[in-house]
Amino acid sequence: MAAHLSQSYLVAEALSATGLKNRAVLFAMDPYVKLTALPSKRSARCRKHAGGGRNPRWGGERGRLQLALAAADDRILVEVWNQNVMTPSDRVGRCELSVAAITADPQPFQLPLDTGGEVAIRARVADSAPAVPRSGGHTLGGAAANA
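Model, not experiment: these values are computed from the prediction. (Residues numbered from 1 in each chain as written. Predicted model: local features only at pLDDT ≥ 70, side-chain atom pairs only at ≥ 80, totals over all residues. Heavy atoms only, no water.)

A. Representation of the overall build of the protein chain within the structure. When helices and strands are counted, the protein chain shows two helices and eight strands. Beginning at the N terminus, the succession of helices and strands in the protein chain can be written as β-β-β-α-β-β-β-β-β-α. Residues counted as buried form 40% of the 147 residues belonging to the protein chain. Of the roughly 8000 Å² of accessible surface on the protein chain, a fraction of 53% belongs to carbon and sulfur atoms. (Helix = DSSP H or I, 4+ residues; strand = E, 2+ residues; numbered from the N terminus. Buried < 20%, exposed > 50% of the residue type's maximum accessible area, 1.4 Å probe, protein only. Areas by Shrake-Rupley, 256 points an atom, 1.4 Å probe, with all protein chains shown as cover.)

B. Region of the structure containing the nonpolar core. Grouped together as the largest cluster of nonpolar side chains are 33 residues, with contacts concentrated most on V33, L35, I76, V78 and V119. Looking at this core, the elements with two or more residues in it are strand 1 (8-18), strand 2 (31-38), strand 4 (64-69), strand 5 (75-82), strand 6 (90-98), strand 7 (107-112) and strand 8 (118-126). Each residue touching I76, except ones within four places of it in the same chain, is listed here: L10, L35, T36, A37, L69, C95, E96, L97, V99 and I102. (Core = buried A, V, L, I, M, F, W, Y, C linked by side-chain atoms within 4.5 Å. Contact = heavy atoms within 4.5 Å.)

C. Up close: the sheet that holds strand 7. Pairing in this open sheet of four strands is antiparallel, and the strands run 4-1-8-7 from one edge to the other. What marks the edges here is a single partner per strand, and that holds for strand 4 and strand 7. If you compare each strand with its neighbour and ignore which way they point, the axes differ by 30° on average. As paired elements, strand 1 and strand 8 share nine bridges and run antiparallel to each other. Bridge assignment links L10 to a residue of strand 8, and that residue is V125. (Pairing = 2+ DSSP bridges. Axes fitted to C-alpha atoms, helices over the stretch in contact; angles between N-to-C directions.)

Encoded structure:
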């Protein structure tokens, strides 16, 4: 008889960032947060903050994201990107968060980025996938995450 393995989900909200390195050429940056579970590479991103610049705020519906965690996932790669219109997005900064540090209760994390500045997220681990409104954050996984 096969044992039933429960699926865990990372449920997060991008809150804000401060002191980001400016990657925009002409206008204020349109930053967004992308989370990638490692080593599975499943990922999710929130909506961009149009004109958010070096100190964007997401929060609420704009900042929501979730992703299914594989059993082997032990780290979350947290990245801030600048969404461009005519060229691919630019990575603004990155850091890693241990899955072991995230509990079932939502908790805030203030994370320093490798290029300077920091990003604030709130995260928890859930045993089932919470409903995300259609207008909420983006959820990606598997091959779609890498497209």
